[in-house]
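# Observations on the model geometry
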Amino acid sequence: MSHVLTLNAGSSSLKFGLFTTDQTPVAVATGLIDAIGGATSFRLEDAEGTVLSAGDMSTRDGATHASALSAALTELLALFPNSDIRAVGDRVVHGGQHHAEPVVLDEAGIAGLEALTPFAPLHQPHNLAGIRAAQSAFGQAVQIACFDTAFHRNHPFVNDTFAIPRRFYDKGVRRYGFHGLSYDYISGEMARIAPHLHAGRVVVAHLGNGASMCGMLSGRSMASTMGFSALDGLPMGTRSGQLDPGVMLYLLDQEGLSTSEVSDLLYKQSGLLGLSELSNDMRMLLTSDDAKAREAVEYFVFRIRRELGGLAAALQGLDALVFTGGIGENAREIRARVCAGMAWLGIELDEARNMANDTLISSDFSRTRVMVVPTNEELVIARAAVHLMNRV
Ligand code: ADP
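Just so we're clear, the structure is a prediction, and the values are computed from it rather than from any experiment.

## Some remarks on the nonpolar core
Ranked by internal contacts, the top residues of the largest apolar core, which has 52 residues, are Leu113, Leu207, Phe300, Leu308, Phe323 and Ile334. Here the element with the most residues in this core is helix H11 (residues 291-315); it accounts for ten residues.

## Thoughts on the pairing of strand S12 (residues 320-324)
Here S12 lies mainly inside the structure; five of its five residues are buried. Taking every second residue as pointing to the same face, both faces of S12 are buried, with Ala320, Val322 and Thr324 on one and Leu321 and Phe323 on the other. Pairing of strand S9 (residues 201-207) with S12, which is carried by five bridges, proceeds in the parallel orientation. Each residue of the ladder has a partner; that of Val204, found in S12, is Val322. One ladder, built from four bridges, connects S12 with strand S13 (residues 369-372); its direction is parallel. Residue pairing in the sheet places Leu321 in a bridge with Val370 of S13.

## A closer look at the pattern of salt bridges
Per the counting criterion, the structure on display carries 15 salt bridges. Among the ionic pairs, Arg91 bridges to Asp148, the shortest N-O distance being 2.9 Å. Here Asp148 lies in the loop between strand S8 (142-147) and helix H4 (166-170) and Arg91 lies in strand S6 (residues 84-92), a separation of 57 residues in the sequence. Using a relative accessible area of 12% as the deciding quantity, one classes Arg91 as buried. You can call Asp148 buried: its relative accessible area is 4%. Residue Asp364 pairs with Arg353 through a salt bridge whose shortest N-O separation is 2.9 Å. Note that Asp364 is positioned in the loop between helix H14 (351-355) and S13 and Arg353 in helix H14, a separation of eleven residues in sequence.

## So, the sheet that holds S12
Each strand in a sheet pairs with its neighbour through backbone hydrogen bonds, running either in the same direction (parallel) or in the opposite one (antiparallel). Here we have five strands laid out as an open sheet, ordered S11-S10-S9-S12-S13, and mixed in their pairing. Only two strands of the sheet have a single neighbouring strand rather than two, namely strand S11 (220-224) and S13. The average angle at which neighbouring strand axes cross in this sheet is 25°, direction not considered. The pairing of strand S10 (residues 211-217) with S11 spans four bridges and is antiparallel. Following the sheet pairing, Gly215 is matched in S11 by Ala223. Sheet strands touched by H11: S9, S10, S11 and S12. Its angle to S10, the strand with the most contacts, is close to 20°.

## Remarks on the packing of helix H2 (residues 107-114) against helix H3 (residues 124-137)
Each pair of packed helices can be described by the angle between their axes along with the distance between the axes. Between H2 and H3, the shortest axis-to-axis distance is 10 Å and the interhelical angle comes to 160°. Comparing their axes, H3 and H2 come out roughly antiparallel. Every pair of crossing elements has a handedness; the one defined by H2 and H3 is left-handed. Two secondary-structure elements touch here, H2 through Glu107, Ile110, Leu113 and Glu114 and H3 through Gln124, Leu128, Ile131, Arg132 and Gln135.

## Focus: the sheet that holds strand S5 (residues 51-56)
An order of S5-S4-S3-S2-S1-S6-S8-S7 is seen for the eight strands of this open sheet, with the pairing classed as mixed. Strands with a single pairing partner mark the edges of an open sheet, and in this sheet they are S5 and strand S7 (103-104). Bridge count for S6 against S8 is six bridges, and the pairing is parallel. Within the sheet, the bridge partner assigned to Val88 lies in S8 and is Gln143.

## What to know about the packing of aromatic side chains
The description of two aromatic rings rests on the distance between their centres and on the angle between their planes. Counting across every chain of the model gives four aromatic pairs. With centroids separated by 5.7 Å and ring planes inclined at 90°, the aromatic side chains of Phe119 and Phe228 adopt a geometry described as edge-to-face. Linking Phe119 in the loop between H2 and H3 with Phe228 in the loop between S11 and helix H7 (245-253), this pair joins segments that are 109 residues apart in sequence. Ring plane angle 45° and centroid distance 6.4 Å describe the contact between Tyr176 and Phe228, whose orientation is recorded as tilted. Of this pair, Tyr176 sits in the loop between H4 and helix H5 (180-193) while Phe228 sits in the loop between S11 and H7; the two residues are 52 residues apart in sequence, bridging distant segments of the chain. One aromatic cluster in this structure is built from Phe119, Tyr176 and Phe228. The positively charged end of Arg174 is found above the aromatic ring belonging to Tyr169, 3.7 Å away from the centroid.

## Observations regarding the site of the ligand
Residues in close proximity to the ligand total 13 residues, the closest being Asn209, Asp281, Met282, Arg283 and Gly326. Here an oxygen atom of the ligand and a backbone polar atom of Gly326 are 2.9 Å apart. Within the backbone of Ile327, a nitrogen or oxygen atom sits 3.3 Å from an oxygen atom of the ligand. Only helix H10 (282-287) and helix H12 (325-330) provide two or more residues apiece to the shell around the ligand. For the shell around the ligand, the element with the most residues is H12, which contributes four residues. Across the shell around the ligand, the residue classes tally to three nonpolar, seven polar and three charged.

Thresholds applied
Residue positions are counted from 1 within each chain, in the order its sequence is given. The predicted origin of the model limits local features to residues at a pLDDT of at least 70 and limits the giving and counting of side-chain atom pairs to 80 or more, whereas totals for whole chains, interfaces and linings rest on all residues. Side-chain measures were taken over the full set of non-hydrogen atoms in the model, leaving aside hydrogen atoms and water. Within this scheme, the nonpolar core is defined by two criteria: the residues are buried Ala, Val, Leu, Ile, Met, Phe, Trp, Tyr or Cys, and they are joined through side-chain atoms within 4.5 Å. To sort residues, take the accessible area from a 1.4 Å probe on protein chains only and compare it with the maximum for the residue type: under 20% means buried, over 50% means exposed, and anything in between is partly exposed. Going along the chain from the N terminus, every DSSP run of H or I of four or more residues is numbered as a helix, and every run of E of two or more is numbered as a strand. Whether two strands pair depends on DSSP finding at least two bridges between them. Salt bridge, as used here: a side-chain nitrogen of Lys or Arg that lies within 4 Å of a carboxyl oxygen of Asp or Glu. Here an axis means a line fitted to C-alpha atoms, over the contact stretch when the element is a helix, while the angle between two N-to-C directions is reported on a 0 to 180 degree scale. Two residues qualify as a contact provided that any one of their heavy atoms is within 4.5 Å of a heavy atom in the partner residue. Roughly parallel means an angle under 35 degrees; roughly antiparallel means over 145; roughly perpendicular covers 65 to 115; every other angle is labelled oblique. Crossing handedness is read from the near helix: turned anticlockwise from the far helix by less than a right angle, it gives a left-handed crossing, and turned clockwise, a right-handed one. A pair of aromatic rings is counted whenever rings of Phe, Tyr or Trp (Trp by its six-membered ring) have centres within 6.5 Å, and the orientation is called stacked for planes under 30 degrees apart, edge-to-face for over 60 and tilted otherwise. Throughout this description, the term charge over a ring refers to an Arg CZ or Lys NZ atom that lies within 6 Å of the ring centre and within 35 degrees of the ring normal. Near residues are defined by distance, with any heavy atom within 4 Å of the molecule or strand qualifying the residue. We define a polar contact as two N or O atoms separated by no more than 3.5 Å, with the added condition that, inside protein, one atom must be a possible hydrogen donor and the other a possible acceptor, whereas residues neighbouring each other in sequence contribute only through side-chain atom pairs. Polarity classes work like this: nonpolar for Ala, Val, Leu, Ile, Met, Phe, Trp, Tyr, Cys and Pro, charged for Asp, Glu, Lys and Arg, and polar for all others, with Gly in that last group.

So, in structure tokens, the structure goes:
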């Protein structure tokens, strides 16, 4: 039976999915390899969430992305022996200035993505390692790259540039924006379930361990809170979010930190974890009565509200606010706190709907609709893979 495989290689984890090749692909199985290079674990589930296989890979197979992936694929193919992988859809964090759509990869294409590594040094190499591993496992399959930056490629100049000398803009120092696969999915869902809102001004808050917001006009990205890197904008689980560049200079010049120490500080020790000194996990922070945990959540909510105002100004108004991501989809308290006192923006939450996690959580009197739409980045990759493999 023909299938497409989706691969989402992060810095220490690897998510993958096996999908049918129908025009609307259906997930057959999804897998997660966690803590690659450490106490690596492996888990494979069917579409209903039943565990098909799980185990510890730390001793031998979990040392690198390539070894972990190859061990996981062996397991996957043992469970689905008749599977014919026709295409592999790879999530790639950076597509540079030119990729506004998914592409079929050949050697020149892969080299082009390698050349973008300086723009995303912590993520691009892992994505490329995933591509290489899939190439060696499925030599015959079409390789397709889907970019986190692609959805944002048509930003107007003012949302694409920094006010530093222009030569840097020409060299690619721009506000790329990320989480594009999630926003692409939400845009498609809005077109399906609320076409009149999709045609208007929508802000999507993707609130997960990574977090960003996107302002959309007629389903297309106009502005994003993430910029040159996935560090900008909202505070995240362990990332700082927006930072005065002067702080960076201070850390380097006065505190004597090396660039890799600053990188580690801003990517891995900041955000909710850095502020709370407790956890990057929103569930834990919301149940803690520690003052620092409370302040970390307060800062998170405050920055979302600030960005919401800014994005609404960029869109010249707001028709809908959509929550997604692990926090956006589940944390009722965060949604309520983001929306509190936002009547000036036409937002009025319906408490019961919010508590019930309904799709529409604003009141019938709310001028701006507030919605909860679960994201599905893997499905966006699978759709692109099916679409492009039939064109090769
Ligand atoms: P990633 O960016 O790694 O994909 P997710 O979208 O899975 O992250 O989101 C993870 C975040 O969602 C964590 O901070 C987690 O605590 C939070 N989260 C998940 N479920 C809940 C819940 N029921 N209440 C509050 N926060 C939740």
